[in-house]
Amino acid sequence: ILVTYHSSISRLTMYSVHRRLGLESLKTISAVDAEKESPYWEEIRSHKIDPHIVQGLHAGAAYQGQQKLARGEVVGMLSDLNQRPGPGNYRANVAGRLYHLKAGFADLALITGVKVIPYLNKITPDGKVHTIFLPPFKAEGDDRHSQHGSLILQYADFLTQCWKTTPETLFWSNITKH
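Since this is a predicted model, take the numbers as computed values, not measurements.

Participant: Quick question: what am I supposed to make of the overall build of the protein chain here?
Facilitator: Of regular secondary structure, the protein chain possesses eight helices and eight strands. Expressed as a percentage of the 178 residues in the protein chain, the buried residues total 37%. In the protein chain, 61% of the contacts between residues at least 6 apart in sequence involve partners at least 24 apart.

Below, the structure is given as structure tokens:
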């Protein structure tokens, strides 16, 4: 699982990173994309829908990712930050502030036994996009709950480092809300 964060250049790089890896394609697993592609998008946006339907859409996206990983394929994920609690969100400190992180990547990694490889994109002084792959996260702990928590905390640490070292990739809305 390749995991990164929503940034000003993440969409661009999600469509090109597979070529850097020599892959034919890279499926991005996204709960938000599943919501947008559903016939319920307007109700979801206006919060006028049964939360179980939304959870079902998210589960469907996760199942697609699980199937691809079972076939030995690589999937990409961009975990979401939320400022309020919600189903599947876990509290973590990111750059000195508590956020609620979506944990879909950790769930998929623990279910399938695959590695989570974080990567970041930065813009060089000459305007080129440079992708940096970092060492895989390690699921530490004796039980699933501990391993899950360790992956979430490593992702929070990854975000903190990215925000500090590549602030030019952050959305202005993220900066103003932080």
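Next comes the rest of the write-up.
Participant: I would appreciate a short explanation of the pattern of salt bridges in the present structure.
Facilitator: Oppositely charged side chains may form a pair once their charged atoms are brought near each other. One pass over the structure, following the stated rule, counts three salt bridges. Measuring nitrogen to oxygen at the nearest pair gives 3.3 Å for the salt bridge that ties E73 to K68. Its salt-bridge partner being D126, residue K128 comes within 4.0 Å of it at the nearest N-O pair. By relative accessible area, which is 54% here, K128 ends up exposed. Residues joined in a network through salt bridges with shared partners are K68, R71 and E73.

Participant: I'm lost on the sheet that holds strand β7 (residues 117-123) in this one. Help?
Facilitator: Whenever strands of a sheet pair, they do so through backbone hydrogen bonds, lying parallel or antiparallel. If you walk across this open sheet you meet the five strands as β2-β3-β1-β7-β8, and the pairing is mixed. Either end of the sheet is taken by a strand with one partner, and the two such strands are β2 (27-29) and β8 (129-133). For this sheet the average axis-to-axis angle between neighbouring strands, irrespective of direction, equals 30 degrees. Where strand β1 (residues 2-5) meets strand β3 (residues 75-79), four bridges bridge the pair, whose relative direction is parallel. Bridge pairing in β3 places T4 opposite L78. Helix α5 (residues 51-70) rests against β2 and β3 of the sheet, and its axis sits at about 140 degrees to β2. Contacting β1, β3 and β7, helix α7 (residues 144-165) crosses the sheet at an angle of about 50 degrees to β1.

Participant: I tried to follow the nonpolar core on my own but got confused; where do I start?
Facilitator: Most often, soluble globular proteins have nonpolar side chains that are buried together. One finds I1, Y5, L101, F105, F137, Y155 and W163 to be the most contacted residues of the largest nonpolar core, which totals 31 residues. Put simply, the parts of the chain that give this core at least two residues each are β1, α5, β3, β5 (89-94), β6 (97-102), α6 (104-112) and α7. Counting residues per element, this core draws most heavily on α7, which supplies eight residues. With near-sequence residues (within four places) excluded, F137 lies in contact with V3, F105, V116, P118, L151, Q154, Y155 and F158.

Participant: So what exactly am I meant to see when it comes to the side chain of T160 here?
Facilitator: Relative to the helices and strands, T160 is located in helix α7. Residue classification places T160 among the buried positions, given a relative accessible area of 10%. In this view, T160 contacts N93, V94 and A95; residues no more than four positions away in its chain are not counted.

Participant: Please explain the packing of aromatic side chains as it appears in this structure.
Facilitator: Here the distance between the centres and the angle between the planes together describe a pair of aromatic rings. The full count for this structure, using the stated rule, is six aromatic pairs. When the centroid spacing of 5.9 Å and the interplanar angle of 90 degrees are considered together, the rings of Y99 and W163 count as edge-to-face. Taken together, the positions of Y99 in strand β6 and W163 in helix α7 put the pair 64 residues apart, joining distant regions of the chain. Every member of this aromatic cluster is reached through a ring pair, and the members are F105, F137, Y155 and F158. Over the face of the ring belonging to Y99 we find R97, whose NZ or CZ atom lies 5.6 Å from the ring centre.

Conventions we followed
- Residues numbered from 1 in each chain as written.
- Predicted model: local features only at pLDDT ≥ 70, side-chain atom pairs only at ≥ 80, totals over all residues.
- Heavy atoms only, no water.
- Helix = DSSP H or I, 4+ residues; strand = E, 2+ residues; numbered from the N terminus.
- Buried < 20%, exposed > 50% of the residue type's maximum accessible area, 1.4 Å probe, protein only.
- Contact = heavy atoms within 4.5 Å.
- Salt bridge = Lys/Arg side-chain N within 4 Å of Asp/Glu carboxyl O.
- Pairing = 2+ DSSP bridges.
- Axes fitted to C-alpha atoms, helices over the stretch in contact; angles between N-to-C directions.
- Core = buried A, V, L, I, M, F, W, Y, C linked by side-chain atoms within 4.5 Å.
- Phe/Tyr/Trp six-rings, centres within 6.5 Å; stacked < 30°, edge-to-face > 60°.
- Lys NZ or Arg CZ within 6 Å of the ring centre and 35° of its normal.

Remember that the coordinates give geometry; whether it matters functionally is a separate question.
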